[in-house]
Amino acid sequence: MALRWRIAALVAAAACAVAAAVGVLVHQFSRDRELSQARESARVTLDRAAVIYARTGDVEGSGAALDAPGLPDGLRKLVGKGHRGTEFTGGSAGPAMWAARPAGDRVLSVRVDLTTTMRDIGALDASIVVAGLITTVVVVPLGVVTAGRMSRRLRTAAGTARRIAAGDLDARIAAGARPRDEIADISTAVDSMAGALQKRLLGEQRFTADVAHELRTPLMGLVTAAELLPEGEAAGYVRDRVRVLSTLVEELLEISRLDAGAEHADLSPCPVQPLVRDVVARAGLEAKILSAGRDTEAATVRTDSRRLERILTNLVVNAHRHGRAPVEITVSHDGRTVDVRDHGPGYPATLLDDGPQRFRTGARERGTGHGLGLTIALGQAHVIGAALTFANAPDGGALATLRLP
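Along each chain, the written sequence defines residue order, and numbers are assigned to residues from 1. Restriction of local features to residues with pLDDT of at least 70 applies here, the model being predicted, together with a cutoff of 80 or more for giving and counting side-chain atom pairs; totals for whole chains, interfaces and linings are based on all residues. Only hydrogens and water are removed before side-chain values are computed, so all heavy atoms of the structure are retained for them.

Caption draft 1: Fine view of the overall build of the protein. Each helix corresponds to a stretch of at least 4 residues labelled H or I by DSSP, and each strand to a stretch of at least 2 residues labelled E; elements are numbered beginning at the N terminus. When helices and strands are tallied, the protein shows nine helices and eleven strands. Between the two quantities, the radius of gyration covers C-alpha atoms and the globule rule is 2.2 Å times the number of residues to the power 0.38. The globule rule puts the C-alpha radius of gyration for 405 residues at 22 Å, and the 46 Å found for the protein is more than 25% above it. By principal-axis analysis of the C-alpha atoms, the protein measures approximately 150 × 50 × 40 Å. Within the protein, the fraction of its 405 residues that count as buried is 35%. Throughout this description, buried means an accessible area under 20% of the type-specific maximum (1.4 Å probe, protein chains only), exposed means over 50%, and partly exposed covers the range between.

Caption draft 2: Just the sheet that holds strand E11 (residues 398-403), in detail. DSSP bridges decide pairing: two strands pair if at least two such bridges lie between them. Sheet architecture is open: five strands sit in the order E6-E8-E9-E11-E10, paired in mixed fashion. Single-partner strands in this sheet number two, and they are strand E6 (288-291) and strand E10 (387-392). Each strand of the sheet is rotated relative to its neighbour by a mean of 20°, with strand direction disregarded. Note: strand E8 (residues 328-331) against strand E9 (residues 337-341), four bridges, orientation antiparallel. Bridged to Val331 within E9 is Val338. For helices, the fitted axis covers only the stretch in contact; all axes are lines through C-alpha atoms, and the angles between them, taken along N-to-C directions, range from 0 to 180 degrees.

Caption draft 3: Looking closely at empty space enclosed by the protein. Cavities and pockets were defined on a 1 Å grid built from protein atoms only: a cavity is a group of points that admits a 1.4 Å probe but offers it no way out, a pocket is an open group of points flanked by protein on both sides within 12 Å along at least five of seven lines, and a lining residue is one with an atom within 4 Å of any such point. Grid points are joined across faces, edges and corners, and a volume is the space filled by probe spheres set on the points. This structure, assessed with the given rule, holds two cavities of 30 Å³ or more. Contributing to the lining of the second largest cavity are Leu315, Asn318, Ala319, Val340, Arg341, Asp342, Tyr347, Ala398 and Ala400. Residue assignment for the lining of the second largest cavity shows that the elements contributing at least two residues are helix H7 (305-322), E9 and E11. Looking at the lining of the second largest cavity residue by residue, the class counts come to six nonpolar, one polar and two charged. Each residue gets one label: Ala, Val, Leu, Ile, Met, Phe, Trp, Tyr, Cys and Pro are nonpolar, Asp, Glu, Lys and Arg are charged, and the others, such as Gly, are polar.

Caption draft 4: Quick look at the environment of Ile329. Checked against the element boundaries, Ile329 lands in strand E8. Among residues more than four places away in sequence, those in contact with Ile329 are Val276, Val280, Ala287, Lys288, Ile289, Leu290, Val316, Val338, Asp339 and Val340. A contact between two residues is defined here by any heavy atoms of the two lying within 4.5 Å.

Caption draft 5: Broad picture of the packing of helix H3 (residues 115-165) against helix H4 (residues 182-227). Contact geometry of H3 with H4 gives a least axis separation of 10 Å together with a crossing angle of 10°. The angle between H3 and H4 falls in the class roughly parallel. Of the residues in H4, those touching H3 at Met150, Arg153, Leu154, Ala157 and Ile164 are Ile183, Ala184, Ser187, Val190, Ala194 and Leu197. Class assignment for the residues of the contact of H3 with H4 results in nine nonpolar, one polar and one charged. An angle counts as roughly parallel when it lies under 35 degrees, as roughly antiparallel when it exceeds 145, as roughly perpendicular when it falls between 65 and 115, and as oblique in every other case.

Caption draft 6: Structural detail: the sheet that holds strand E1 (residues 64-66). One open sheet accounts for four strands, arranged E1-E4-E3-E2; its pairing is antiparallel. Each end of this open sheet is capped by a strand with a single partner; those strands are E1 and strand E2 (85-89). Each strand of the sheet is rotated relative to its neighbour by a mean of 25°, with strand direction disregarded. Alignment of E2 against strand E3 (residues 96-103), held across five bridges, turns out to be antiparallel. Bridging from a neighbouring strand, Thr86 pairs with Ala99 of E3. The sheet strands contacting helix H2 (residues 73-80) are E2, E3 and strand E4 (106-113), and the helix crosses E3 at an angle near 20°.

Caption draft 7: Up close: the side chain of Thr45. Relative to the helices and strands, Thr45 resides in helix H1 (residues 3-56). Within the structure, Thr45 has its side chain in polar contact with the backbone oxygen of Ser41 (distance 3.0 Å). Contacts described as polar in this section are N or O atom pairs within 3.5 Å, which, within protein, must combine one atom able to donate a hydrogen with one able to accept it, while residues neighboring in sequence count only if both atoms come from side chains.

Caption draft 8: Geometry of the layout of surface pockets. The volume enclosed by the largest pocket comes to roughly 640 Å³. Residue lining of the largest pocket: 20 residues in total, with Gly167, Leu169, Leu201, Gln205 and Asp259 positioned closest to the centre. The residue makeup of the lining of the largest pocket, split by class, is eleven nonpolar, five polar and four charged.

In structure tokens form, the structure reads like this:
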């Protein structure tokens, strides 16, 4: 149930509870007051009649009666023991207050009719019920409106938090300052958190870019020096390590450009299946290219062929490096979907849940590496407007699916 309706139900329940409590208190107070007044009136009348009876031996015109037939049995027994008392009755004769006392060997009693009084109390109860219903009808919509405003503000805060989690670090709630407003405090805290997170991430991105740029110049000198080494096993090893380091620096620079949003797609018609064959040939790796239809060879999409080649190269290299042969590449009949699959242990759960993370390969069984290949592939896919998803095939192996727009 939405927060709005929970608050509305709570307001309605509170209004009904307050109306019921007030109604019960007013009813009880009014009834007790009327009965007390009727009891006092009956006693006064009874005492006055007793004086008249003692003086004249008659109660005519005093408002009292001797041995009244409707006298309650309990009160009659009490008088029989020589006591005086009062009792309220509500039988078929109507509500009434009785007062009685001994008069020699007879019973002197007074009956005060309360039919009109009880009717007035009933009318008061009905008025209280109507007033409670009117109050509930008025208060509940106000509660719904207030709860709706609170709900919208909370939804705005939640939506902004989700945008920040999705990577939109410029998203802000921008709630105005409101003293003693918890929702405004939450909104301000989320904005402060987003600002601090943005500063930290931008600082890390600038640091990565600066380090990569600073390494590039001495690395070029190192590459040149390695090429001048005399041939031999040690020289070959040095050249290989220098090549790996150079690739790492270039990947760091590429990630820095992707993080900064400096990359833009250059769209043009591109035949996908021939491009896939070129990627496999240039990578020098074995891969089986499958087609999902007869017209796949001629299928052309409008995309950035250089970035598409970069994405597919990283996926194929990752499949060979961290998976097992055979590596299969399947192109859909319209060329808009490309699947790259290996038959290794599959992607780790952390990658499937959180996506590729730089400098983390995720699982020991998938080999070692710096985890930049899939990160770059995902970033380049965003640049060309494509969707890159990762899953594990039902019969084993990692499956990366690229869907072009």
